Amino acid sequence: LTKNKFAAFGALFFFICISFVSNFFFQIGTIMAERLLYLPSLGLSVLLVSSLNMILIKIFASNFTGDRFFWVIIFILCTVLGSRTVMRNKDWTTSQNLWNATIATTDKSFRAYNNRANIFIDKKDFTNARNDLFKSLEIYKDHYTTTYSIGRTFDGENSLDSAIKYYTKSIQVKPYFYKSRINRGIDLLIQKEFEKAIKDFDVCSQLKPHEFFPWFNKAVAYFELQKYKQSKMAVEKALEIDTNSEKAQILLGRIFLEKKNYLEAEKVFKALPENAETLFYLGYSKILAGEKEESVIMLKKSIKLYPAVKKTILQAKEFNEIWHLIK
């Protein structure tokens, strides 16, 4: 570079432009990775020193003077940037410290507020989370990740109607955003709006066909609608993805019970670890199959492990004939 001034200053101009452009995007929040600034900053520093070194050589016609100046500047740069690195390392000790520092220097970044809000959500600090998220919306109106995160805060407070409202806003902006779809589907499932929930799970299973939860939740919704054929197809798909899922196997067993296929149901429940739930359903399949004595044994074990099962047994008319034996 010292032999070609045009190349040196052309490269210097190029790196200055990259540095300004990168810094502009960093400030407005579309690029959050400060590491993207390292290359142009490093290039700019080296080229500045090289250019000054070249000028001094021309002025003093002495390589010794130029070399000495070069190393002095390098020493200053290493000292200043090294101390800045030590200071910056404190910001990286926790995620919250990092976003606090980012917001302090770039308060127009909607992503910074959104990311700090997600930390608050994980800590169940929903008030501070919402404050950051509404600040994020002021900077970038109705961004789909922000409205999704607001939905999460309302989920955390068990305000399902409000959560669904904001997940819907997120989906309106980005219809195929998986996180908003799956969360809205689960909330609709809890609210017993099964048909609407299935529509969300259908989209999710298309977006991520190898994900367990869309298929399993869809199976639950169909089961509640008493559409056992569709429920069985969905839960079998879920079990292809996660063969060890106990809740999916229990649902499959329950489908067999509803279809009066007691032998298949018994096979499913017997293959599962013994706990209050599996013993209850095993006892239930035995009584439906007419095996009352074995049913009593299973149900007694279930009550012993989890006494609240007794209330369920009392409420089900199928157990009326054997309740005196269980007692």
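Going by the structure above, here's the rest.
A quick note: this is a predicted structure, and the numbers were derived from the prediction, not measured.

### Some words on the side chain of Asp 200
Right, so step 1: Turning to its location among the elements, Asp 200 is positioned in helix H10 (residues 194–207).
Right, so step 2: You can call Asp 200 buried: its relative accessible area is 1%.

### A look at the layout of surface pockets
Right, so step 1: Considering only enclosed or pocket space, the second largest pocket measures out at about 370 Å³ in volume.
Right, so step 2: Only helix H11 (212–224), helix H13 (246–258), helix H15 (276–288) and helix H17 (309–315) provide two or more residues apiece to the lining of the second largest pocket.
Right, so step 3: Take the lining of the second largest pocket: its biggest share by element is five residues, from H15.
Right, so step 4: The class makeup of the residues in the lining of the second largest pocket is 10 nonpolar, two polar and five charged.

### With respect to the packing of aromatic side chains
Right, so step 1: Scanning all chains against the criterion turns up 12 aromatic pairs.
Right, so step 2: Judged by centre distance (4.8 Å) and plane angle (55°), the rings of Phe 110 and Tyr 140 are tilted. Within this pair, whereas Phe 110 is found in helix H5 (residues 110–122), its partner Tyr 140 is found in the loop between helix H6 (126–139) and helix H7 (144–156), the two being separated by 30 residues in sequence.
Right, so step 3: With relative accessibility at 4%, the residue Phe 110 sits in the buried group.
Right, so step 4: Here Tyr 144 and Phe 177 contribute two aromatic rings whose centre-to-centre distance is 4.9 Å and whose plane-to-plane angle is 75°, an arrangement assigned as edge-to-face. Within this pair, whereas Tyr 144 is found in helix H7, its partner Phe 177 is found in the loop between helix H8 (160–173) and helix H9 (178–190), the two being separated by 33 residues in sequence.
Right, so step 5: On the basis of relative accessibility, which here comes to 22%, the residue Tyr 144 falls in the partly exposed class.
Right, so step 6: Grouped by ring-pair contacts, the aromatic residues Tyr 144, Tyr 148, Tyr 167 and Phe 177 constitute a single cluster.
Right, so step 7: Above the face of the Tyr 178 ring, Lys 208 is positioned so that its terminal group lies 4.4 Å from the ring centre.
Right, so step 8: A cation over a ring is seen here: Lys 237 above Trp 215, with NZ or CZ 5.8 Å from the ring centre.

### Some details on the side chain of Ser 295
Right, so step 1: Looking at the element boundaries, Ser 295 is found in helix H16 (residues 292–305).
Right, so step 2: Among the polar contacts listed, one links the side chain of Ser 295 to the backbone oxygen of Gly 283, at a separation of 2.8 Å.
Right, so step 3: Excluding anything up to four places from it in sequence, Ser 295 contacts Gly 283, Lys 286, Ile 287 and Ile 322.

### A short note on unusual backbone geometry
Right, so step 1: Backbone geometry at Lys 124 places phi at a positive 65°, although glycine is not the residue there.
Right, so step 2: For Lys 124, the position within the fold is in the loop between H5 and H6.

### Topic: the nonpolar core
Right, so step 1: Formed by 51 residues in total, the largest nonpolar core has its most connected members in Leu 251, Phe 269, Ile 313 and Phe 319.
Right, so step 2: Counting 14 residues, the second-largest nonpolar core is a separate cluster that includes Phe 126, Leu 137, Tyr 148 and Ile 150.

### With respect to the pattern of salt bridges
Right, so step 1: What the rule picks out here adds up to 16 salt bridges.
Right, so step 2: Among the salt bridges present, the one from Asp 122 reaches Arg 152, with a minimum N-O distance of 3.1 Å. In this pair, Asp 122 sits in helix H5 while Arg 152 sits in helix H7, placing the two residues 30 residues apart along the sequence.
Right, so step 3: On the accessibility criterion, Arg 152 (22% relative accessible area) is partly exposed.
Right, so step 4: For Arg 181, the salt bridge is made with Asp 200, and the minimal N-O distance between the two is 2.8 Å. With Arg 181 in helix H9 and Asp 200 in helix H10, the pair connects residues that are 19 residues apart, well separated along the chain.

### A short note on H9
Right, so step 1: End to end, H9 covers 18 Å across 13 residues, agreeing with the expected 18 Å (1.5 Å per residue, within 8%).
Right, so step 2: For H9, the complete set of buried residues consists of Tyr 178, Ser 180, Arg 181, Ile 182, Asn 183, Arg 184, Gly 185, Asp 187, Leu 188 and Leu 189.
Right, so step 3: Where the residues of H9 are buried, they touch H7, H8, H10 and H11.
Right, so step 4: Positive phi shows up at Lys 192, right after H9, with a value of about 65°.

### Quick look at the packing of H9 against H11
Right, so step 1: Running from N to C, H9 and H11 cross one another at 25°; their axes reach a closest spacing of 11 Å. It follows that H9 is roughly parallel to H11 by the angle criterion. At the point where H9 passes H11, the crossing takes the left-handed sense. Taken together, the residues of H11 that come into contact with H9 (itself represented by Tyr 178, Ile 182, Ile 186 and Leu 189) are Phe 213, Pro 214, Asn 217, Val 220 and Ala 221.
Right, so step 2: The residue makeup of the contact of H9 with H11, split by class, is eight nonpolar, one polar and no charged.

### Quick notes on the environment of Phe 319
Right, so step 1: With respect to the helices and strands, Phe 319 occurs in the loop between H17 and helix H18 (323–326).
Right, so step 2: Once residues lying within four places of it in the same chain are set aside, the contact partners of Phe 319 are Phe 280, Tyr 284, Ile 287, Leu 299 and Ile 313.

Calculation criteria
- Residues numbered from 1 in each chain as written.
- Predicted model: local features only at pLDDT ≥ 70, side-chain atom pairs only at ≥ 80, totals over all residues.
- Heavy atoms only, no water.
- Helix = DSSP H or I, 4+ residues; strand = E, 2+ residues; numbered from the N terminus.
- Buried < 20%, exposed > 50% of the residue type's maximum accessible area, 1.4 Å probe, protein only.
- 1 Å grid on protein atoms, 1.4 Å probe; cavity = no way out; pocket = protein on both sides within 12 Å on 5 of 7 lines; lining within 4 Å.
- Points joined across faces, edges and corners; volume = space filled by probe spheres on them.
- Nonpolar A, V, L, I, M, F, W, Y, C, P; charged D, E, K, R; others polar.
- Phe/Tyr/Trp six-rings, centres within 6.5 Å; stacked < 30°, edge-to-face > 60°.
- Lys NZ or Arg CZ within 6 Å of the ring centre and 35° of its normal.
- Polar contact = N/O pair within 3.5 Å; in protein donor to acceptor, adjacent residues only side chain to side chain.
- Contact = heavy atoms within 4.5 Å.
- Core = buried A, V, L, I, M, F, W, Y, C linked by side-chain atoms within 4.5 Å.
- Salt bridge = Lys/Arg side-chain N within 4 Å of Asp/Glu carboxyl O.
- Expected span 1.5 Å × (residues − 1).
- Axes fitted to C-alpha atoms, helices over the stretch in contact; angles between N-to-C directions.
- Parallel < 35°, antiparallel > 145°, perpendicular 65-115°, else oblique.
- Left-handed = near helix turned anticlockwise from the far one by under 90°.

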